[in-house]
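# Understanding the architecture of this molecule
Given next are the chains, with one letter for each unit.
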Amino acid sequence: MNAPRLPLLPVLGAIALGWLPSAHAELPPWVYGQEQRQAPYVLELLVRSVHTMAAGAEPEQLRAQAQVLEVKRQPAASRLRAGDAITLRYALPVSRPAGWAGPAPLPLLKAGERLPAWLAPDPSLPGVYQPAAGGRSFGPSLESVQDPG
């Protein structure tokens, strides 16, 4: 038995006129899981302060001060410890039109937040860290999610 089919022309017309809900697709969870597994630093952080700054024609930047609550993973040569203060810096996402599909945007951190973070050192600024797993660099772990293929 065949499933009922929607007439193609009215469905396409509804999409063109914006009558159907917009799509909000992003990368599959396993992609973020792979990025989290490859992150050199996995830390539990307490965000102490957050500042945003505009840099002319470049995207707005976020600069945050955070306290390390726990070190879950770091390179052997690194010496981060609970209680250390670190600086995070990254470009804030530009606004996207409704229905835009693409990778999850980096979040705007808030002072007082306690969260896990997957980070990498910023190659241009010694002692500064940047997100290592795109829009899933902060929040729940996806490290156990594997490529289904």
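We now turn to the structure provided with this report. If you're wondering where the values come from, they're calculated on a predicted model, not measured in any experiment. (Residues numbered from 1 in each chain as written. Predicted model: local features only at pLDDT ≥ 70, side-chain atom pairs only at ≥ 80, totals over all residues. Heavy atoms only, no water.)

### Describing the overall build of the protein
Note the cut-off: Only DSSP runs of H or I reaching four residues or more are called helices, and only runs of E reaching two or more are called strands; each is numbered from the N terminus. Only protein chains enter the calculation, and the probe is 1.4 Å; a residue is then buried if its accessible area is under 20% of its type maximum, exposed if over 50%, and partly exposed in between. Note on contacts: a residue pair is in contact if any heavy atoms of the two residues lie within 4.5 Å. Computed with a 1.4 Å probe, the accessible areas rest on the Shrake-Rupley method; for each residue, only the protein chains presented here act as cover.
Assigned secondary structure in the protein consists of two helices and five strands. Helices (α) and strands (β) of the protein occur, in sequence order from the N terminus, as α-α-β-β-β-β-β. Buried residues in the protein amount to 30% of all 149 residues. A fraction of 63% describes how many contacts in the protein between residues 6 or more apart in sequence connect residues 24 or more apart. As displayed, the protein offers around 9,600 Å² of accessible surface, 59% of which is attributable to carbon and sulfur atoms.

### Examining the packing of aromatic side chains
The test is simple: The rule is short: rings of Phe, Tyr and Trp, with Trp giving its six-membered ring, pair when the centres are within 6.5 Å, and they are stacked under 30 degrees, edge-to-face over 60, tilted in between.
Applying the stated rule across the entire model yields two aromatic pairs. Ring centres of Tyr 41 and Tyr 129 lie 5.1 Å apart, and the angle between their planes is 80 degrees; on these two criteria the pair is classed as edge-to-face. Note that Tyr 41 is positioned in strand β1 (residues 41-55) and Tyr 129 in strand β5 (residues 128-131), a separation of 88 residues in sequence. Tyr 129 carries the same exposure label as Tyr 41, and that label is buried. Relative to Phe 138, the ring of Tyr 90 lies with its centre 6.0 Å away and its plane at 35 degrees, an arrangement referred to as tilted.

### Structural notes on the pattern of salt bridges
The following threshold applies: Salt bridge, as applied in this entry: a Lys or Arg side-chain nitrogen positioned within 4 Å of an Asp or Glu carboxyl oxygen.
The full count for this structure, using the stated rule, is three salt bridges. Across the pair Lys 72 and Glu 44 runs a salt bridge, and its minimum N-O distance is 3.5 Å. Within this pair, whereas Lys 72 is found in strand β2 (residues 58-73), its partner Glu 44 is found in strand β1, the two being separated by 28 residues in sequence. On the basis of relative accessibility, which here comes to 12%, the residue Glu 44 falls in the buried class.

### Structural notes on the pairing of strand β4 (residues 114-121)
On a regular strand, each side chain points to the face opposite its neighbour's, so the side chains alternate between the two faces of the sheet. To keep things clear, this is the line we draw: We call two strands paired when DSSP finds no fewer than two bridges between them.
Counting buried positions along β4 gives six out of eight residues, so the element sits mostly inside the fold. Here three bridges tie β4 to β5, and the two strands are oriented antiparallel to one another. Note on β5: the bridge partner recorded for Pro 121 is Tyr 129. Between β4 and β5, which pair antiparallel and follow one another directly, the connecting turn spans six residues, one of which, Gly 127, has a positive phi of 85 degrees.

### What to know about the nonpolar core
Stated formally: As used here, the term nonpolar core means buried Ala, Val, Leu, Ile, Met, Phe, Trp, Tyr and Cys residues forming a set that is joined through side-chain atoms within 4.5 Å.
Formed by 19 residues in total, the largest nonpolar core has its most connected members in Leu 43, Leu 45, Ile 86, Leu 88, Leu 109, Leu 119 and Phe 138. Among the elements of the structure, β1, β2, β3 (85-91) and β4 are those that each provide at least two residues to this core. Non-local contacts of Leu 109, meaning those with residues more than four positions away in its chain, are made with Val 47, Val 50, Leu 62, Ala 64, Leu 88, Tyr 90, Leu 115 and Phe 138.

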